[in-house]
Amino acid sequence: MTDVSRIREHMEVIGADGVHVGTVDRVEGDHIKLTRKDSGEGSHKGHHHTVPLALVADVEGDKVRLSANADVAVTFEQEADRSA
């Protein structure tokens, strides 16, 4: 199991395929909250999104590598509470 306590602010989150998924804003509970700049398009633009910690395969230097390819990982993203 990966030590998710090593995940820090501003680390890049990448899929298993090496494609950029987002940038860590912070860890909240069992999710990684991504920065707003990586928030997607349309109605999702400007909102924080989260990725489940269960998808984290490894923490490598300044990157968080997920166990799913980027195009699959984004399907697990959830829009975070707007009040946060």
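Please refer to the structure placed before this passage.
Residues numbered from 1 in each chain as written. Predicted model: local features only at pLDDT ≥ 70, side-chain atom pairs only at ≥ 80, totals over all residues. Heavy atoms only, no water.

Asks: Please clarify how the pairing of strand β4 (residues 49–52) should be interpreted in this entry.
Replies: Regular strands place their side chains on alternate faces of the sheet. Side-chain alternation along β4 places His 49 and Val 51 on one buried face and Thr 50 and Pro 52 on a second face that is also buried. Examined bridge by bridge, strand β3 (residues 31–34) and β4 share 3 bridges and lie antiparallel to one another. If you follow His 31 over to β4, its bridge partner there is Pro 52. (Buried < 20%, exposed > 50% of the residue type's maximum accessible area, 1.4 Å probe, protein only. Helix = DSSP H or I, 4+ residues; strand = E, 2+ residues; numbered from the N terminus. Pairing = 2+ DSSP bridges.)

Asks: Hey, could you run me through the side chain of Thr 2 in this one?
Replies: Structurally, Thr 2 can be placed in the segment before β1 (12–14). On the basis of relative accessible area, Thr 2 is assigned to the buried category, the value being 19%. At 2.6 Å, the side chain of Thr 2 forms a polar contact with the backbone oxygen of Ala 57. The contacts of Thr 2, once residues within four sequence positions are left out, are Val 56, Ala 57, Asp 58 and Val 59. (Polar contact = N/O pair within 3.5 Å; in protein donor to acceptor, adjacent residues only side chain to side chain. Contact = heavy atoms within 4.5 Å.)

Asks: How do you make sense of the nonpolar core when you look at a structure like this?
Replies: The biggest cluster of nonpolar side chains holds 17 residues, and the ones touching the most others in it are Ile 7, Val 13, Val 24, Ile 32, Val 56, Val 64 and Leu 66. Those elements that place two or more of their residues in this core are β2 (20–28), β3, β5 (56–60), β6 (63–66) and α1 (70–73). (Core = buried A, V, L, I, M, F, W, Y, C linked by side-chain atoms within 4.5 Å.)

Asks: Whenever I open this one, the environment of Glu 12 confuses me. Can you help?
Replies: Structurally, Glu 12 can be placed in strand β1. Taking relative accessible area as the criterion, Glu 12 reaches 23% and is therefore assigned partly exposed. Sequence separation between Glu 12 and Asp 62 is 50 residues; the distance between their C-alpha atoms is 6.5 Å. For Glu 12, the contacting residues outside a window of four places in its chain are His 20, Gly 22, Asp 62, Lys 63 and Val 64.

So yeah, pure geometry; function would need other evidence.
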